[in-house]
Amino acid sequence: MNYIKEINKLRTKKNAVILAHYYQTGDIQDVADCVGDSLALAQWASKTEADIIVLCGVHFMGETAKILSPDKKVLVPDMAAGCSLADSCPADRFAEFIAAHPGHTVVSYVNTTAAVKALTDIVVTSTNARKIIDSFPADEKIIFGPDRNLGNYLNSITGREMLLWDGACHVHEQFSLEKIIALKQQHPDAEVIAHPECKQPLLNIADFIGSTAALLKHTIQSPKKQFIVATESGVLHEMQKQSPDKTFIPAPPNDSTCACNECSFMRLNTMEKLYLCLRDEQPEIIVDEAVRRRAVAPILRMLELS
């Protein structure tokens, strides 16, 4: 089957828009109407006039789209495409954590469930986190969750002492500092660029730190010709498209059998599943309306500040 042809037919017939994260496989990115990071996906989901949104990413991204566009049908190619970071912060335990530390403003990373967003004062992404944190008074007491690595990084660059939830992304936790140093020795002219969800020792050796979108922008604008990229390797597809004359080397994980670091959840989505979900209009993301009403305010607040 020619999946591209059939997907194009279905999206036109059903007035559907396909949104894909940079961590999706290259074929899905190429067929999508819009490709971006979490902030861009949220912005597009809030503005689209399509009747159906197909979110090619992970579950929390589909929930975010549904929270922002409750009148749209939101589909995902595979409902099992979850997120280890979101899973590390169950809503009931996070609520207990908040209750144990009264008087704090709650800032949640977008990589969380709708139920956690409903407990939150403002949502952030890695693109806008510093700007939003800096918008609070210097003496503001803040709880930040769920990513401890991003939280530690934000504390280091803002001078804050935010109280951090102890969660992490399994992909960004698994990069091998030793192997990256070895790669740098093999490619001395290469820049090491890293996502702030990585551990601090890796960030300490990075030449540039930024969100997925910021990493992409940097590779386009930098005069350097080689980059060692410490984030999910799916983004290398767009980097290579934007800069075909440059070389992108995926930073390796600790697993000695792998040369790159992939999110197993992101890779659950395939062209076949994308076609089937458009054809059958399933699986569909459903968010409890009471939860959605509480969760939409902190997301809209983020979008206003972005």
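See the structure above.
Only a predicted model underlies this, so the values are computations on that prediction, with no experimental measurement involved. (Residues numbered from 1 in each chain as written. Predicted model: local features only at pLDDT ≥ 70, side-chain atom pairs only at ≥ 80, totals over all residues. Heavy atoms only, no water.)

S.K.: Help me understand the pattern of salt bridges, please; the structure alone is not making it clear to me.
M.R.: Should the charged atoms of two oppositely charged side chains come close, the side chains can pair. This structure, assessed with the given rule, holds 17 salt bridges. A salt bridge links Lys9 to Glu6; its shortest N-O distance comes to 3.7 Å. Here Glu6 and Lys9 lie together in helix 1 (residues 3-13), a separation of three residues that amounts to about one turn. Residue Lys9 is classed as partly exposed on the basis of its relative accessible area, which comes to 47%. By relative accessible area, Glu6 is classed as partly exposed at 23%. The closest approach of N and O atoms between Lys241 and Asp30, which form a salt bridge, is 3.1 Å. Note that Lys241 is positioned in helix 14 (residues 235-242) and Asp30 in helix 2 (residues 26-31), a separation of 211 residues in sequence. Relative accessible area serves as the criterion here: at 45%, Asp30 is assigned to the partly exposed category. Salt bridges here are not isolated pairs; linked through shared partners, they connect Lys14, Lys73 and Glu281. (Salt bridge = Lys/Arg side-chain N within 4 Å of Asp/Glu carboxyl O. Helix = DSSP H or I, 4+ residues; strand = E, 2+ residues; numbered from the N terminus. Buried < 20%, exposed > 50% of the residue type's maximum accessible area, 1.4 Å probe, protein only.)

S.K.: Got a minute to help me understand unusual backbone geometry in this structure?
M.R.: Only a minority of non-glycine residues have a phi that is not negative, and only a minority of peptide bonds are not trans. Going from Gly145 to Pro146, the amide bond is cis rather than trans, its omega being 0 degrees. As for its placement among the helices and strands, Pro146 is situated in the loop between strand 7 (142-145) and helix 9 (148-158). A cis amide bond links Gln282 to the next residue, Pro283, at an omega of -5 degrees. Along the chain, Pro283 turns up in the loop between helix 15 (271-280) and helix 16 (289-305). The phi dihedral of Asn15 falls on the positive side, at around 50 degrees, and the residue is not glycine.

S.K.: What's the story with the sheet that holds strand 12 (residues 247-250) in this structure? I'm lost.
M.R.: To summarise the sheet geometry, strands pair through backbone hydrogen bonds and adopt either a parallel or an antiparallel arrangement. The four strands are arranged 10-9-11-12 in an open sheet whose pairing can be described as parallel. What marks the edges here is a single partner per strand, and that holds for strand 10 (208-209) and strand 12. Pairing of strand 9 (residues 191-194) with strand 10 involves two bridges; the strand directions are parallel. By the bridge assignment for strand 10, Ile193 is matched with Phe208. (Pairing = 2+ DSSP bridges.)

S.K.: Even after reading the chapter, I still don't get the side chain of Arg292, so can you show me in this structure?
M.R.: Among the structural elements, Arg292 can be located in helix 16. Taking the relative accessible area as the measure of exposure, Arg292 reaches 13% and is therefore buried. Here Ile67 takes part through its backbone oxygen, which lies 2.9 Å from a polar atom of the side chain of Arg292. The contacts of Arg292, once residues within four sequence positions are left out, are Lys66, Ile67, Pro70 and Val287. (Polar contact = N/O pair within 3.5 Å; in protein donor to acceptor, adjacent residues only side chain to side chain. Contact = heavy atoms within 4.5 Å.)

S.K.: Would you mind showing me how to read the packing of helix 13 (residues 212-221) against helix 14 here?
M.R.: Each packed pair of helices is defined by two parameters, the angle between the axes and the distance between the axes. Interhelical geometry of helix 13 versus helix 14 gives an angle of 25 degrees and a closest axis separation of 9 Å. Between helix 13 and helix 14, the angle is such that the two are roughly parallel. For the element pair helix 13 and helix 14, the recorded crossing hand is right-handed. Counted together, Thr212, Leu215, Leu216, Thr219 and Ile220 of helix 13 and Val235, Glu238, Met239 and Gln242 of helix 14 form the full contact between these two elements. Broken down by class, the residue content of the contact of helix 13 with helix 14 amounts to five nonpolar, three polar and one charged. (Axes fitted to C-alpha atoms, helices over the stretch in contact; angles between N-to-C directions. Parallel < 35°, antiparallel > 145°, perpendicular 65-115°, else oblique. Left-handed = near helix turned anticlockwise from the far one by under 90°. Nonpolar A, V, L, I, M, F, W, Y, C, P; charged D, E, K, R; others polar.)

S.K.: What is the right way to look at the sheet that holds strand 8 (residues 163-164) in this model?
M.R.: Judged by pairing direction, the sheet is parallel, and its four strands sit side by side in the order 6-5-7-8 without closing on themselves. Of all strands in the sheet, those with a lone pairing partner are strand 6 (122-124) and strand 8, marking the two edges. Pairing geometry for strand 5 (residues 105-109) and strand 6, over three bridges, is parallel. Of the residues in strand 6, the one forming a bridge with Val107 is Ile122.

S.K.: What exactly am I supposed to notice about the environment of Pro102 here?
M.R.: Relative to the assigned elements, Pro102 resides in the loop between helix 6 (91-99) and strand 5. Here the alpha-carbon distance between Pro102 and Ala297, two residues 195 residues apart in the chain, equals 20 Å.

S.K.: I tried to follow helix 3 (residues 38-47) on my own but got confused; where do I start?
M.R.: The periodicity of an α-helix, 3.6 residues per turn, causes residues three or four positions apart to be oriented the same way. Buried within helix 3 we find Ser38, Leu39, Ala40, Leu41, Ala42 and Ala45. On its buried face, helix 3 is in contact with strand 1 (16-21), strand 2 (34-36), strand 3 (52-56), helix 4 (59-68) and helix 16.

S.K.: Got a minute to help me understand the side chain of Glu173 in this structure?
M.R.: Along the polypeptide, Glu173 turns up in helix 10 (residues 170-173). Side-chain polar atoms of Glu173 contact the side chain of Arg148, separated by 2.9 Å. Here Glu173 is in contact with Arg148, Asn149, Ala168 and Lys199, once residues within four sequence places are set aside.

S.K.: Explain the pairing of strand 5 to me, please; I cannot follow it from the model alone.
M.R.: Two faces make up the sheet, and in a regular strand the side chains alternate between them. Burial runs high along strand 5: five of the five residues are buried. Taking every second residue as pointing to the same face, both faces of strand 5 are buried, with Thr105, Val107 and Tyr109 on one and Val106 and Ser108 on the other.

S.K.: Quick question: what am I supposed to make of the layout of surface pockets here?
M.R.: Rolled over the atoms, a probe sized like a water molecule indicates the empty space that remains. Taken as a whole, the largest pocket holds about 160 Å³ of empty space. Going through the elements one at a time, helix 8 (129-134) and helix 9 are the ones with two or more residues in the lining of the largest pocket. At four residues, the largest contribution of residues to the lining of the largest pocket is made by helix 9. Grouping the amino acids of the lining of the largest pocket by side-chain chemistry returns eight nonpolar, five polar and two charged. (1 Å grid on protein atoms, 1.4 Å probe; cavity = no way out; pocket = protein on both sides within 12 Å on 5 of 7 lines; lining within 4 Å. Points joined across faces, edges and corners; volume = space filled by probe spheres on them.)

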